[in-house]
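The primary structure of each chain is shown beneath.
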Amino acid sequence: MNDLASTDYLGCLLKSWPIKSTESLSWLNQLRAQAIDRISTQKLPTRRDEEWRFTDISPIAHLPYQPSQPECNLHAHDIEHLSLKEAKNRLVFVDGHYSSNLSTIFDSTALVIGNLPEFVATHASTLESHLGQHVQFDNNVFAALNTAFLRDGALIIVPKNIAIVEPIHLLFIATQKEVTSYPRCLLIGEAGSDVTLVEDYVALQQATYITNSVTEISLAANAHAKHIRIQRESAQAFHLANCAVSLAHASNYQSTSISLGSQISRYNLNVRLTDAAAECVVDGLTLISDRQLADTHTCIDHLKPNGTSRQHHKCIVDDAAHAVFNGKIIVHPHAQQTNSSQSSRNLLLSKLAQVDTKPQLEIFADDVKCAHGATVGQLDQEEIFYLESRGLSAKAARNLLTYAFGAEIISRIPVTSLRQQLEQAVLNQTQSN
Amino acid sequence: MIDKNSRTILSVQGLRASINGTEILKGIDLTVKSGEIHAIMGLNGSGKSTFAKVLAGHSAYEITGGSVQFEGNNLLELPPEERARAGLFLAFQYPIEIPGVANTQFLRLAYNTVQTKRGKEELDPLEFDDFVREKMKLLEMNPDFLDRSVNEGFSGGEKKRNEILQMALLEPTLSILDETDSGLDIDALKTVANGVNQIANKNNATILVTHYQRLLDYIVPDFVHVMQAGRIVMTGGKELALELETRGYDWVNANKSVAGVIA
């Protein structure tokens, strides 16, 4: 891709939605201005960039989709099938814009939950110290774009020592075609708090559009968060997402991300264990077919001693689809006694299916335990024989094993109704006739 | 038990099989009748596990000679799933782990698949749950194993119990137990043996493939066969296993010529 197209694309996007000078908060304007400033120094990444060598993002340079306008015609019954019965708190964003009609806020006394702009005045100092502070946009043009267009967003602050038992559902619905939406989430878990967050990207129709999302999560000492992320966009969509997580002392972050949709998707997850004894579990499942491309880049950054990280990423790739997994684990010199494991397991269901998996361990401490492994292959003949010897046909055996390969990750999702929805999705996509 | 009115379940004649061009089975003859328990003993590499897998239809092995009749039908032309549906069961030496599939889901799928092929009714999840819990008592298995993934994180003993549970559910005519005793402590061995003994009756038959005599203290065979280099070189009654235990497999070499006499 030539630089001219890239510059045009970014310039075109920036021209499209000038920042309103009426915004009262200078720090927020400054943040946006900073982001715009960074965009002007960057280009769209190409395959010459190490971070993008497996993923050709150039198709979007030809699609300078304008930011979506808030025009929501949805009614509650239109999205009934997307609701999670366990979730009492639900924030709904339609094409990136908050919909108070479709949202349900149950716990407004127990925690801070709602649309970002409602809190910029009342929670200015908290927001200022977190918003845009976890995701780096200096070298990330998509995060910079999201920040430049920052407007609506999900804000959740779980107060000190409060445990929210029911999951919180953030539902991002795409309805418009040929637009870009910029979803934004900020979760702050104060000391000793506990929360389960479901970040769910869906489409109501098959259309081409771009989702560019940024999620920031900050957990204070001893805080716990389970973060379930479901990307089930339209098969023609482009989904570009950045999530950054900061973990304080003895905090615990468990992530399960599932990628099913989009023509091209890219998910960057950066977890920083900024203080001692923090723990994270980072699980992922990519299930794609046709000519889909799904790229997951994770970085688990151990900065302090006694941290634990466990990562289990799986891809099931059919037809001529292409999955990418790049899992970086950094153990800094002070992060002694780090215990880290990573596995990347990949199942190719057709001759044209492709996977690029790259474990990347950078270890600068000497007293650590780090294990990693990657496999790419077809179903195991011994496993098929085992099932055949129990009366299952070869096809039924293959279907069951393929389903099981994905279901292993799904089964770790702590929200029953969501797990069932996803099990069905995996079942539908793994059963050949 | 040996019974005059029994019918022939399995008839193996001159069976030869190879893997990747190497011949492992070099002409096996064996007849198993209803009500009988046979033990096949032999050192590692003698071909006894290969024989078990070949009977179950493992695709890695190529049949190069001989014939196998199972209840009067040509077993070798059936794919493995049809052998299972016809009533042949192999308890694996190393049962496969299937993370992501609940054991109860797997057991019910296998049960219903085999039942419908035999013209019987399927059981729904609730009916099956009652049914399988009864069978689990036979093996003193904790019902928690129903909700766990198939064999995942099971101890060696738990895996073997799960194999025998499948055998109890599928009610095979011929059960082949491949090294079911390996990796079991004495209590687990007794429980597993008790399960096998309760399943065995005058209408079915069992083949125990084992390296050691220990299992045969608890499941008493009617016949003991010794395999060596891909052939059955000696056949006798249950006392042959004790003889092997005291004298070792070297003794077989010295006495192969009298094999016919012992049989």
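Residues numbered from 1 in each chain as written. Chains lettered and ligands numbered in written order. Predicted model: local features only at pLDDT ≥ 70, side-chain atom pairs only at ≥ 80, totals over all residues.

## What about the overall build of chain B?
- Within chain B, the regular secondary structure consists of nine helices and twelve strands.
- In terms of overall dimensions, chain B is globule-like: its C-alpha atoms have a radius of gyration of 18 Å, near the 18 Å expected for 263 residues.
- When its C-alpha atoms are laid out on the principal axes, chain B stretches across 60 × 40 × 40 Å.
- Buried residues in chain B amount to 44% of all 263 residues.
- In chain B, the proportion of contacts linking residues at least 24 apart, taken out of those at least 6 apart, comes to 72%. (Helix = DSSP H or I, 4+ residues; strand = E, 2+ residues; numbered from the N terminus. Rg over C-alpha atoms; globule rule 2.2 N^0.38 Å. Buried ≥ 20, exposed ≤ 12 C-beta atoms within 10 Å, placed from the backbone. Contact = placed C-beta atoms within 7 Å.)

## Focus: the interface of chain B and chain A
- Counting residues at the interface gives 20 residues for chain B and 16 residues for chain A.
- Those elements that place two or more of their residues in the side of chain B that touches chain A are helix 2 (80–86), strand 7 (98–102) and helix 3 (103–117) of chain B.
- Of all the elements, helix 3 of chain B adds the most residues to the side of chain B that touches chain A, at five residues.
- Residue classes in the side of chain B that touches chain A are distributed as twelve nonpolar, five polar and three charged. (Nonpolar A, V, L, I, M, F, W, Y, C, P; charged D, E, K, R; others polar.)

## What to know about the sheet that holds strand 12 (residues 231–236) of chain B
Residues and elements named next belong to chain B.
- In spatial order, the strands read 6-9-10-3-11-12; together these six strands make up an open sheet with mixed pairing. The open sheet has two free edges, formed respectively by strand 6 (88–91) and strand 12, since each of these has just one partner strand. Averaged over neighbouring strand pairs, the angle between their axes works out to 20 degrees when direction is ignored.
- Both strand 9 (residues 174–178) and strand 10 (residues 205–210) contribute to a ladder of five bridges, which runs parallel. Residue pairing across strands places L174 opposite A205, the latter belonging to strand 10.
- Where helix 5 (residues 156–170) meets the sheet, it contacts strand 6 and strand 9, and its direction lies at approximately 170 degrees from that of strand 6. (Pairing = 2+ DSSP bridges. Axes fitted to C-alpha atoms, helices over the stretch in contact; angles between N-to-C directions.)

## A look at the pairing of strand 13 (residues 252–259) of chain A
Residues and elements named next belong to chain A.
- Burial within strand 13 is extensive, with six of its eight residues counted as buried.
- In the sheet, strand 11 (residues 224–232) pairs with strand 13 via eight bridges, with the strands oriented parallel. Residue pairing across strands places Q231 opposite S259, the latter belonging to strand 13.

## Regarding the sheet that holds strand 2 (residues 89–94) of chain A
Residues and elements named next belong to chain A.
- The sheet built from ten strands is open, its strands ordered 3-2-6-9-11-13-15-17-19-21 with mixed pairing. With partners counted over all chains shown, the strands left at the sheet margins are strand 3 (97–104) and strand 21 (369–377), one partner each. Sheet twist, expressed as the mean angle between neighbouring strand axes with direction ignored, is 10 degrees.
- Relative to strand 21, strand 19 (residues 339–348) runs parallel, the two being bridged by nine bridges. Looking at strand 21, one finds that Q342 is bridged to H372.
- Across the sheet, helix 7 (residues 416–430) is in contact with strand 9 (194–203), strand 11, strand 13, strand 15 (279–288) and strand 17 (308–317); its angle to strand 15 comes to roughly 40 degrees.

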